[in-house]
Amino acid sequence: MENSVKGDGLMVPKNLQPFKPFSRSNTRSTAFESTGIGYTLLALGPSLSLFIAVIAKKPFLILTLLSSTLVWLISLIVLSGLWRAFLPFKTGSLWPCTLIILTSVAFQEALRPLFWKIYKRLEDILDAFADRVSKPRLFITDKMQIALAGGMGHGVAHAVFFCLSLLTPAFGPGTYYVEKCSQMSFFLVSAVIALAFVTIHTLSMVIAFNGYAEGNKVDQYFVPAVHLIAAMLTLVNLAQGGCIIGIPLLYIMALLTMGHCGKMVWRRLTEIRSRQGSSF
Amino acid sequence: MEPGGSILESIGQEIIGVMSPVSICMFLVVLLVYSLYNPATATTIRTAANLVYMESPTDSTSQKLEGSLLNAVVFVILIALVTFLLVLLYYYNCTKFLVYYTRFAAFAVFSSMGGSVLLSLIQHFNFPVDVVTFCVLHFNFTIVGTLCVLSSGGPIVLKQSYMVALGIIVAAWFTKLPEWTTWVLLVALAIYDLVAVLAPGGPLKMLVELASSRDEELPALIYEARPTADMGRSGIRGSSLGLLVGGVMGDNSGSNSFEIELQAVLRNEDNNGNENGDGESIINVLENESSEIEVVEDDVGESSPLIGGTSLVERLPSPSERRNNDNANGSSRENESQREDGAEGLRGLKLGLGDFIFYSVLVGRAAMYDLMTVYACYLAIISGLGCTLILLAVCRHALPALPISIALGILFYFLTRLLMEPFVVGTSTSLAMF
């Protein structure tokens, strides 16, 4: 139980106590913990700031975040249930990985309209409640914030399950390298990829909800396309030294998503503002 | 906050008020487990939970299963006996004795178990602290905690923090139990909780009914989440959760009016008044107490958790009755405002300490495997708690908080461990993610 072989010859020890032969000086242990915290913040830092600035103030958004994370966790469990019979596959081989990623992305994107339907129902309930307590109905910024919280749930679920759960050895001495990408330590690579995916997932939900609300086909198809392309780009990492190309391309997709989302939000806000005619 | 603020500012506040201390407790227990747990040197302790069978890693599976079942049954019987004793004492009005005993139990937990946790932390991290300083600080910590937890004086934040500390200490101690025993014990306690709260002869149900018929607080350790003062300012006092769920029910029943009529027990001192702008109806939001009890001791029994905190919404049917009740409400509202700053102020949701403890035990045990299982179990428990709270708003009487959360938690733990981990670790170590 102490050591287990996971994946492509990567040994990850199961016990959680880092090996510390001399525990007399505190500086050594803080150095180890700080690298672990560093990798964690690399993957989740922007989400944490977004959380503290926007979401923590409104309890309903925290609840949305938690339920969204739960939904994506369940989707991951269902996917792994489907593929369990074929595991462990020879990691590093192209076709099984491609198939797995295609099916996973398809399943997750199929969940998104479902999310939207639940959200519509919730919006009706909230509007009825607002009428009953004589308060204004949901503003457009409220709706976007709910979408943002939903997307952030997706991003946080991805970061935790794909990156943070493997970071436990990073809190101790030593580090690991993957053969295919030996320039940086495995922890750094996975944290960097996780950051890109968190951005993509968080903003995709905003774009998708807006697309469904307005009936805008471009937005509706933009989100699954970006998800698929981003997932396919990570397949480039399977080649030897592929991560040098794969990761910058992934960041280009993330920046594309950011740009599109920013443009869309700006357009909607100015539309509403000009429609109202007075200050928002 | 401007009066025209969106509803998104305030909705869902009570749920977060209960979920945050639970989350903090679980997080700190996970940190404790991560820093102090060492599988090579873990010594099993002899407690009430493994009186019959001391598990060792070399036993066969069937032996471990049988032994754990025996342990769990013995523990549940012990707890049931002690709870019945508690009901008996409460029935015969030995409330003083119960209060003093709970204070003694809190003192024992803070001093002995809390002291041992602090000592292992100091040993592990090599804090440079001497015996005298430690004794003085620990003594202060214990005494303030004992004074705070059961009395109504003192700032509410201090009381809440000490409750969470109590939960952390007992949960950290419980995680020392062997693995199979822990899981079977959690299942057994969830079933016991369900039976004790909902079945007609259940001890906790009797306790809640006794307490509500006498209209006093239970002499037990219950975490109370107070609503914030903002709600009073915005003119909506009482539970917005109740109104929201009631609205859903109103919509579902297809009626045009959004009023909800329920059988309500009128208690004058609990009335919070709330008037609509156009004065069409006066909605009294009554809040009953919930019960959740007790503290864990190793040789003394423990109580099972309940969750409560119901809000009953009553609509006054006719103008004449409304006038009469206006007078009653007026006077009671005055009483209410006089005691606003006192202990009887706005009531919030209450969750028993046993819930905190067993949620944290489950997450702590998940932490001994992997971080993925921790996160999955955390989400499962929080969603179970959310479901229970929604059920509470619908059912409006005390509900057991353990069963749904523990069931979901165990389900997600085994699903994650068996299904998800090979899948996700396989793809992410090849750096192929989605």
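About the criteria used
- Residues numbered from 1 in each chain as written.
- Chains lettered and ligands numbered in written order.
- Predicted model: local features only at pLDDT ≥ 70, side-chain atom pairs only at ≥ 80, totals over all residues.
- Heavy atoms only, no water.
- Helix = DSSP H or I, 4+ residues; strand = E, 2+ residues; numbered from the N terminus.
- Core = buried A, V, L, I, M, F, W, Y, C linked by side-chain atoms within 4.5 Å.
- Buried < 20%, exposed > 50% of the residue type's maximum accessible area, 1.4 Å probe, protein only.
- UniProt positions renumbered as here; feature names shortened; annotations may be inferred.
- Expected span 1.5 Å × (residues − 1).
- Bend = angle between axes of the 7 residues up to and from the residue.
- Disulfide = S-S within 2.5 Å.
- Contact = heavy atoms within 4.5 Å.

(A) Looking closely at unusual backbone geometry. All names here are of chain B. Positioned with a positive phi, asparagine 93 is a non-glycine residue whose angle comes to about 65°. As for its position among the elements, asparagine 93 is in the loop between helix H2 (61-91) and helix H3 (95-125). With a phi close to 55°, asparagine 126 is a non-glycine residue in the positive phi region. By the element assignment, asparagine 126 lies in the loop between H3 and helix H4 (131-150).

(B) Region of interest: the nonpolar core. Grouped together as the largest cluster of nonpolar side chains are 188 residues, with contacts concentrated most on Phe174 and Phe434 of chain B. Of all the elements, helix H5 (residues 186-214) of chain A adds the most residues to this core, at 17 residues.

(C) Spatial organisation of the UniProt feature "transmembrane region" (unreviewed entry) in chain A. Residue and element names in this part refer to chain A. Mapped onto the present numbering, the UniProt feature "transmembrane region" (unreviewed entry) falls on residues 36-56, 63-86, 92-111, 146-167, 187-209, 221-239 and 245-266. In residues 187-209, helix accounts for 100% and strand for 0%; the two terminal C-alpha atoms are 33 Å from one another. The span residues 221-239 is 79% helix and 0% strand, and its two end C-alpha atoms sit 29 Å from each other.

(D) Quick look at H3 of chain B. The terminal C-alpha atoms of H3 of chain B, which comprises 31 residues, lie 43 Å apart, in line with the 45 Å expected from a rise of 1.5 Å per residue. Of all the bends in H3 of chain B, the greatest, near 30°, is centred on glycine 114 of chain B.

(E) Main features of the environment of aspartate 131 of chain A. Along the chain, the position of aspartate 131 of chain A falls in helix H3 (residues 94-132). Each C-alpha atom of the pair aspartate 131 of chain A and tyrosine 221 of chain A lies 34 Å from the other, and the pair is 90 residues apart in sequence.

(F) Structural context of the state of the cysteines. All names here are of chain A. If you walk through the whole model with that rule in mind, you get one disulfide over all chains. Residue cysteine 181 pairs covalently with cysteine 243 via a disulfide, S to S 1.8 Å. Handedness of the cysteine 181-cysteine 243 disulfide follows from its S-S torsion of about 90°: it is right-handed. One end of the pair, cysteine 181, is in the loop between helix H4 (140-162) and H5; the other, cysteine 243, is in helix H7 (residues 243-276), and 62 residues separate them in sequence.

(G) Local environment of the UniProt feature "transmembrane region" (unreviewed entry) in chain B. All names here are of chain B. With numbering matched to this structure, UniProt assigns "transmembrane region" (unreviewed entry) to residues 15-37, 69-92, 104-125, 131-150, 157-174, 180-199, 373-394 and 401-420. Counting secondary structure, residues 69-92 comes out at 96% helix and 0% strand; the distance between its end C-alpha atoms is 35 Å. The annotated region residues 180-199 carries 95% helix and 0% strand content, and the separation between its end C-alpha atoms amounts to 28 Å.

(H) Geometry of the environment of isoleucine 55 of chain A. All names here are of chain A. Relative to the assigned elements, isoleucine 55 resides in helix H1 (residues 26-55). Residue isoleucine 55 is classed as buried on the basis of its relative accessible area of 0%. Once the C-alpha coordinates of isoleucine 55 and leucine 65 are considered, the two residues, 10 residues apart in sequence, prove to be 8.6 Å apart. Non-local contacts of isoleucine 55, meaning those with residues more than four positions away in its chain, are made with Leu50, Leu61, Ile62, Leu65, Ala149 and Met152.

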